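Now for the letters of each chain:
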Amino acid sequence: MAEGCMMALRYGMVFFNLLFWLGGCGILGVGVWLSVTQGNFATLSSSLPSLSAANLLIAVGTIIMVIGCLGCVGAVKESRPLLLTFFILLLLIFFLEILSIMLFFIYQDEIDHYAQRDLKKGLQLFGTEGNVGLTNAWMIVQTDFRCCGVTNHTDWFEVYNATRVPDSCCLEYSDNCGLDNPGTWWTAPCYERVKDWLNENLVALWIFALCTALMQVITVLNLCESSIICHATASF
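Residues numbered from 1 in each chain as written. Predicted model: local features only at pLDDT ≥ 70, side-chain atom pairs only at ≥ 80, totals over all residues. Heavy atoms only, no water.

Caption draft 1: Representation of the UniProt feature "transmembrane region" (unreviewed entry) in the protein chain within the structure. As recorded in UniProt, the feature "transmembrane region" (unreviewed entry) lies at residues 12-36, 56-76, 83-107 and 203-224. Each end of residues 83-107 is marked by a C-alpha atom, and these two atoms are 36 Å apart; helix forms 96% of the span and strand 0%. (UniProt positions renumbered as here; feature names shortened; annotations may be inferred. Helix = DSSP H or I, 4+ residues; strand = E, 2+ residues; numbered from the N terminus.)

Caption draft 2: Geometry of the state of the cysteines. On inspection of all chains with the given rule, the structure shows three disulfides. In this model Cys147 forms its disulfide with Cys190; the gap between the sulfur atoms is 2.1 Å. An S-S torsion of about 95° defines the bridge between Cys147 and Cys190 as right-handed. Residue Cys147 is found in the loop between helix H5 (132-145) and helix H6 (155-160), and its partner Cys190 is found in helix H7 (residues 190-235); the two are separated by 43 residues along the sequence. Across this residue pair, the class does not change: Cys147 and Cys190 are buried. Between Cys148 and Cys169 runs a disulfide, and the two sulfur atoms are separated by 2.1 Å. Across the S-S bond of Cys148 and Cys169 the torsion is about 90°, and the bridge reads as right-handed. Residue Cys148 is located in the loop between H5 and H6, and its partner Cys169 is located in the loop between H6 and H7; the two are separated by 21 residues in the primary sequence. With respect to burial, Cys148 and Cys169 carry one shared label: buried. For Cys25, which is in no disulfide, the shortest distance to another cysteine sulfur is to Cys69 and amounts to 9.6 Å. Classification of Cys69 by relative accessible area gives partly exposed; the value is 39%. (Disulfide = S-S within 2.5 Å. Buried < 20%, exposed > 50% of the residue type's maximum accessible area, 1.4 Å probe, protein only.)

Caption draft 3: Up close: the nonpolar core. Core analysis: the biggest nonpolar cluster contains 21 residues, and Leu123, Trp138, Cys148, Val150, Trp156 and Val165 have the highest contact counts within it. Those elements that place two or more of their residues in this core are helix H4 (108-123), H5, H6 and H7. Listed in part, the nine residues of the second largest apolar core include Phe16, Phe20, Ile64 and Ala75. (Core = buried A, V, L, I, M, F, W, Y, C linked by side-chain atoms within 4.5 Å.)

Caption draft 4: Just the packing of aromatic side chains, in detail. Using the criterion set out here, one finds six aromatic pairs in the structure. Their ring planes at 70° and their centres at 4.9 Å tell us that Phe126 and Trp156 sit as a pair that is edge-to-face. Linking Phe126 in the loop between H4 and H5 with Trp156 in helix H6, this pair joins segments that are 30 residues apart in sequence. With relative accessibility at 14%, the residue Phe126 sits in the buried group. The class of Trp156 is buried, set by a relative accessible area of 0%. Arranged with centres 6.2 Å apart and planes meeting at 80°, the rings of Phe145 and Trp197 form a pair that is edge-to-face. Of the two residues, Phe145 sits in helix H5 while Trp197 sits in helix H7, which places them 52 residues apart along the sequence. We classify Trp197 as partly exposed; its relative accessible area is 44%. Sitting over the face of the ring of Tyr160, Arg164 holds its NZ or CZ atom 4.7 Å from the ring centroid. (Phe/Tyr/Trp six-rings, centres within 6.5 Å; stacked < 30°, edge-to-face > 60°. Lys NZ or Arg CZ within 6 Å of the ring centre and 35° of its normal.)

Dropping the structure here:
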């Protein structure tokens, strides 16, 4: 009976971590796909040029794969050090997610101020040599979100030193339409448009991330409890 209990415990652990590892593979795959197909769509930030959706997905996918691999190998080989490392990493991720949410809400005003200042600084690099990624990113954002500039379309006036905006700000795109009458441009601020979109989607993302991490911790605790029960059964 004890042997069957331990066998079921081991298979359960392997199955759980295999799903965890496959999820990491999926996220990594999406990140690599974005990096290859959307290579020119880098980032809007001038101070954090490596902070792109593709790089974030690659990093997250890699971390999940490593943790899932630790759990699988630890369960198969019944290695206590590996399982302990796996458990500690899950707890660490869980607490980091809690800490990130707390810091985000506490320093939300400071984050808004810094982000707007950094984005306006990035506008100065628009269309310059070596900044194809940033240029394409702004063109895509302004076209998709139907907005212009960071806080106002007049942000571009300082970039061009003239009453002009990029063609991606036009209601109807055409070459050099950014030189036309301001009435033909989008006037909504891109920062607020993107922020509203993130607020609509981040809530669900945070809830999913927390539930996933909590489920991981509860699962490991249950497995540990089951292991204790199995050992206790074996002693009888």
